[in-house]
Amino acid sequence: MPAGKGKVSEVGEALRLPTADPVVVFAKWCKGCGICVEFCPTKALAMGKEDRPYLLDADRCSSCGMCEIRCPDFAINVTHRKRG
Ligand code: SF4
Ligand code: SF4
């Protein structure tokens, strides 16, 4: 599976360097509220197993940062910004 396709990296332990995926979820901090999914303007995110968000389609992610801004628990991070 290509990097960033169909999943969001889950970083359960303390902060690690960003992965190749454009959006990273810190699983231990995520409470599964779904706010990031609701506010994603391109519907690139979806809720997955154990009520954790995942990247449904990396190509749809515009790197807008809305998920990161809206998460009340600082549990989702946009690691790559698309240009143009
Ligand atoms: S908004 Fe934050 S806490 Fe809520 S589901 Fe998304 S990543 Fe998890
Ligand atoms: S950065 Fe924007 S488009 Fe990408 S998953 Fe987050 S809210 Fe959706």
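No experiment lies behind these values; they were computed from the predicted model shown.

(A) Representation of the site of ligand 1. Surveying the vicinity of ligand 1 reveals 13 residues, the closest of which are Cys 30, Cys 33, Gly 34, Cys 36 and Cys 71. Grouping the constituent residues of the shell around ligand 1 by class yields nine nonpolar, two polar and two charged.

(B) Highlighting the site of ligand 2. Around ligand 2 lies a shell formed by Cys 40, Pro 41, Thr 42, Leu 45, Cys 61, Ser 62, Ser 63, Cys 64, Gly 65, Met 66, Cys 67 and Val 78. Here the shell around ligand 2 is built from residues that sort into eight nonpolar, four polar and no charged.

(C) Examining the side chain of Arg 52 more closely. Note on placement: Arg 52 falls in the loop between β3 (45–47) and β4 (53–55). Here Arg 52 falls in the buried class, since its relative accessible area comes to 19%. Only 3.4 Å separates the side chain of Arg 52 from the backbone oxygen of Ala 27, close enough to count as a polar contact. Within the local environment of Arg 52, its side chain forms a polar contact with the backbone oxygen of Glu 50, the two atoms lying 2.9 Å apart.

(D) Summary view of the nonpolar core. Membership of the largest hydrophobic core comes to 16 residues, with the highest contact counts inside it found for Cys 36, Leu 45, Leu 55, Cys 67 and Ile 76. Looking at this core, the elements that each hand over two or more residues are β2 (23–25), α1 (35–39) and β5 (76–78). For Ile 76, the contacting residues outside a window of four places in its chain are Val 23, Val 24, Val 25, Phe 26, Cys 36, Leu 45, Cys 67, Glu 68 and Cys 71.

(E) Spatial organisation of the pattern of salt bridges. Under the counting rule described, the total for this entry stands at two salt bridges. Note that Asp 73 and Lys 31 form a salt bridge whose closest N and O atoms lie 3.1 Å from each other. Placement of Asp 73 in the loop between α2 (66–70) and β5 and of Lys 31 in the loop between β2 and α1 is noted, with a sequence separation of 42 residues between them. With a relative accessible area of 52%, Lys 31 lands in the exposed category. Of the charged contacts in the structure, one is a salt bridge between Arg 60 and Asp 57, with a shortest N-O distance of 3.6 Å.

(F) Seen up close, unusual backbone geometry. Not every positive phi belongs to a glycine, and Ser 63 is a case in point at roughly 60°. If you trace the backbone, Ser 63 turns up in the loop between β4 and α2. With a phi close to 55°, Phe 74 is a non-glycine residue in the positive phi region. Looking at the secondary structure, you find Phe 74 in the loop between α2 and β5.

Reading the values: rules and limits
Residues numbered from 1 in each chain as written. Chains lettered and ligands numbered in written order. Predicted model: local features only at pLDDT ≥ 70, side-chain atom pairs only at ≥ 80, totals over all residues. Heavy atoms only, no water. Near = heavy atom within 4 Å. Nonpolar A, V, L, I, M, F, W, Y, C, P; charged D, E, K, R; others polar. Helix = DSSP H or I, 4+ residues; strand = E, 2+ residues; numbered from the N terminus. Buried < 20%, exposed > 50% of the residue type's maximum accessible area, 1.4 Å probe, protein only. Polar contact = N/O pair within 3.5 Å; in protein donor to acceptor, adjacent residues only side chain to side chain. Core = buried A, V, L, I, M, F, W, Y, C linked by side-chain atoms within 4.5 Å. Contact = heavy atoms within 4.5 Å. Salt bridge = Lys/Arg side-chain N within 4 Å of Asp/Glu carboxyl O.

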